[in-house]
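# Survey of secondary and tertiary structure
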Amino acid sequence: MKIALFCGFNGFHQFGTAHAKRTEGFSELSSEWLAGDNLKYAFSWSFNVLARGRDVTLSGFLEDVPGNQKTFTLTDEIKSVGATHNYCLVLLSNGKLYRINAHNCLLEELNFTNVERPRKRSIFGEEKDQDTSDPIDLIACGRYMCVAITKNKCVYNVPSKIYEFPRHVKVKELVCGFEHALALTGNGDVYSWGNGLRGQLGHPELKVEEAPKLIDALAGVKMVAISAGGWHSAAISSFGDLYLWGSNINGQLGVRVYSNITSPDGKVFERKNPTVYALPQVIEPGPCCANQDHGGTEADSCNVSQVACGARHTFIRNECGRAYYCGWNEHNQLGQGRELKFVDEMREFTFEKTWSNCTIYCGPWCTLLVGQNCND
Amino acid sequence: MVSKLVGLLPNLEEAKLLDSTDAEASYVWKLALDVLGTSDATSKDDFEEAFYLVQSLADRTWEQINSGVFSEVPISTRKVYALSCFLRIVFLLLDSDDEKQLEECFRTLDNAVLVGCTTDLYGRGSDFLQETSKFLDEKAGRFNDVHFEVIVPLEYKECECDIDCLDCPTIEAFNADYFKPKKPVLLKNTIKHWPAMQKWRDPNYLLKAAGNRFVPIEIGSNYTTDNWSQEMSKFKEFFVRQFGSEKDSNEIEYLAQHELFDQIPTLKDDIRIPDYCCLGKNEPHEIDIKAWLGPKGTVSPMHQDPKHNVLCQVFGSKKVILASVADSEFLYAHPSKMLENTSELDAENIDFEKYPLAKNAKFYHLKLQEGDALYIPPKWWHFIRSLNKSFSVSFWWE
């Protein structure tokens, strides 16, 4: 049976009022989160977005009321959805893009990719019909930034065009943090742009990059998946290695936030470590099946197959099905109870039930697990 | 009584004015003020929900402030943060007043002041701030567990000084010979009348004034190195680590470039804005006053600041190396945007093979001693190393 569990922030009842007071563990979501195939999810701080077929449903703080819910039916199949702090974007299969404002729930089409070209005329002087639109292929939204890539490889910080990839480059995944974006190409390169002051771009220099720039530190290794948190980023290589970089302010890179130091009079103090890791770090989630079952060495740990980043937390899943987490938990976004403020190492996640085909989604301050429950 | 603090909170209309476009904030203000304003016992659920949403709003706004460049964050966002911190303190105190909770209150209060913006927040905003710090200080009690020896004055030595050195010049003379031509000068005896010159030597006085408060400290000897970091530390703990022993600390921490006097107004009464700062276009309240407190060995690598600067030495002494803005092209500014005002040179030990152009620059060496004030013109490069436990105050103006 299909099952959906969430943990984390529900202050605006975006996951329903029944779970409003839940401050530890995971809560099971109602079946509306699961019905249908090919569901798309997006999460803002104060509302959630769920797309199914041609319908998109927003729930949470809408029209300035918490626990509100609105459904919109669009003209074509929904290809993807994204959410910023105050609106959501909906991309249709036909390449059209719509925006829904959470404040007033108004839906409008966004049209910024049209290219003005000189009108061509036939030899008889008639205007030729010419398609000037450039349909949108991929979108991604972060809290303060939205990006889009068109069929013609034009990159937009919505709605401004910032770059054009060469024809042969195929962008297959696009993700967005609070204020930075990552693009994964078909041949496994990762490009980044936006604000890099917290190391989230993976370049040695901490600065703003106006246009996509290849992450040199990852070049040469084929990447197969990417994710962007608030101020951190993740990539998985074709060898199943996990790379994390950016801000570790709450341990979201799985790296220690504090170390112990001794003062001159012998007292031991906790001392904060540097929080910015500008270059991708390989993070070992820790011992996995290979070590335990076959007496293997650490090098035998299972391949990482999925990574999802929230504002300041990270979840990963290995091919064997084991999951790990790290980062900020003050809003129970790791499902560990709000008393535990953060986890600064990769810790194994224990599923309450036996799961298979689990997919992990991270919103800014929440985590959603969708999968099959094998016990039924 | 916490109810006194509740009475100093804004009403809903005042709260909504902070940022009328922030619908989530307006919702949280209403919920929280309703719960706090009801004299009858509210339900536990309502209290907890409002408490939680206030904390969530503070966290969200903190993320908002920490995205982008701090100087470009709208004041309205920082005001929303400040008020969510105020409300959080009230909820924390109503919830419990054990030691851990009080510490969280101090931390939240200092975040409101340092990360948020508490200036002109609302009518009774400054009263809330003042009463809350008084209330928390009374609850938290004094520091009877530690006692420090008074820091002994250093003997004033006449030493070589590569720039002009004057005893209390008149404002007219300072203006004509240094301020207008933008030329550095060492000013003697201009701050000897400050109460701070005596009072701050007594660590117990500083602890009483600031011990419970959280201040930003820089860890590691200088900010261009990899193991440098910043954190908020309780003033008392920073002080015990860095001043609590005759031995030098094994790790240098520096309370640097901090607007301590806005945070703790009683300390501001111990200093006076130098008369020279009236030259220029700033009103007294527009002058940036920063505190620099640390052990022996703190280093500010060679860098430049955009404003006029008078650096005053209250106790301890500092080694200073200056270079003219005219020599900037020889000083190898860091290529990255974050460090572009900082030179790659180690001014104390320049590697001329690596940085051959530096030979063309003229460096001015001097020692800043207790009671001295150094005028650094805008964009003049300066390197500073503390030679003892040291407390300086800088005044930046335009």
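Residues numbered from 1 in each chain as written. Chains lettered and ligands numbered in written order. Predicted model: local features only at pLDDT ≥ 70, side-chain atom pairs only at ≥ 80, totals over all residues. Heavy atoms only, no water.

An unreviewed UniProt entry annotates chain B as JmjC domain-containing protein of Hermetia illucens. Annotation of chain B in UniProt includes, under Subcellular location (unreviewed entry), the sentence "Nucleus". (UniProt positions renumbered as here; feature names shortened; annotations may be inferred.)

### Notes on the UniProt feature "domain: JmjC" (unreviewed entry) in chain B
Per the UniProt record, "domain: JmjC" (unreviewed entry) is found at residues 253-398 of chain B. Segment residues 253-398 of chain B splits into 5% helix and 38% strand. End C-alpha atoms: 30 Å apart. (Helix = DSSP H or I, 4+ residues; strand = E, 2+ residues; numbered from the N terminus.)

### Here's the deal with the UniProt feature "repeat: RCC" (unreviewed entry) in chain A
With numbering matched to this structure, UniProt assigns "repeat: RCC" (unreviewed entry) to residues 188-239 and 240-320 of chain A. In the segment residues 188-239 of chain A, helix accounts for 0% and strand for 44%; the C-alpha atoms at its two ends are 12 Å apart.

### Examining the packing of helix α5 (residues 75-95) of chain B against helix α6 (residues 99-114) of chain B
Residue and element names in this part refer to chain B. Contact geometry for α5 and α6: axes closest at 8 Å, N-to-C directions at 165°. Taken together, the axes of α5 and α6 lie roughly antiparallel to each other. Classified by chirality, the crossing of α6 by α5 is left-handed. Contact residues: Arg78, Tyr81, Ala82, Cys85, Phe86, Arg88, Ile89, Leu92, Leu93 and Asp95 in α5; Gln101, Leu102, Glu104, Cys105, Thr108, Leu109, Asn111, Ala112 and Leu114 in α6. Its residues assigned to classes, the contact of α5 with α6 comprises twelve nonpolar, three polar and four charged. (Axes fitted to C-alpha atoms, helices over the stretch in contact; angles between N-to-C directions. Parallel < 35°, antiparallel > 145°, perpendicular 65-115°, else oblique. Left-handed = near helix turned anticlockwise from the far one by under 90°. Contact = heavy atoms within 4.5 Å. Nonpolar A, V, L, I, M, F, W, Y, C, P; charged D, E, K, R; others polar.)

### Quick word on the pairing of strand β10 (residues 107-110) of chain A
All names here are of chain A. Of the strand pairs in this sheet, strand β9 (residues 97-101) and β10 are connected by four bridges, and their pairing is antiparallel. The residue of β10 that forms the bridge with tyrosine 98 is glutamate 109. As consecutive antiparallel partners, β9 and β10 are separated by five residues, and within that stretch cysteine 105 has a phi angle of approximately 55°, a positive value. (Pairing = 2+ DSSP bridges.)

### Regarding the interface of chain A and chain B
Taken together, the contact between chain A and chain B spans 42 residues of the former and 38 residues of the latter. A combined buried area of about 3300 Å² lies between chain A and chain B, and 58% of that area is made up of carbon and sulfur atoms. Applying the counting criterion to the chain A and chain B interface returns five salt bridges. Across the salt bridge formed by glutamate 63 of chain B and arginine 143 of chain A, the nearest N and O atoms sit 2.8 Å from each other. Our count for the contact surface shared by chain A and chain B stands at 13 residue pairs in polar contact (both at pLDDT 80 or more). Of all the elements in the fold, those that place two or more residues in the side of chain A that touches chain B are β22 (258-262) and β23 (268-272) of chain A. (Buried area = accessible area lost by both parts, 1.4 Å probe. Salt bridge = Lys/Arg side-chain N within 4 Å of Asp/Glu carboxyl O. Polar contact = N/O pair within 3.5 Å; in protein donor to acceptor, adjacent residues only side chain to side chain.)

### Describing the sheet that holds strand β11 (residues 373-376) of chain B
Residue and element names in this part refer to chain B. The nine strands are arranged β1-β2-β11-β8-β13-β6-β5-β3-β4 in an open sheet whose pairing can be described as mixed. Strands at the two margins of the open sheet, each flanked by one partner only, are β1 (164-167) and β4 (229-234). Each adjacent strand pair in this sheet contributes to an overall mean axis angle of 25°, direction not counted. Pairing geometry for strand β8 (residues 308-315) and β11, over four bridges, is antiparallel. Across the sheet, the residue bridging to valine 310 is tyrosine 375, located in β11. Packing against the sheet, α6 makes contact with β3 (214-219), β4 and β5 (253-258), and its axis sits at approximately 75° to β3.

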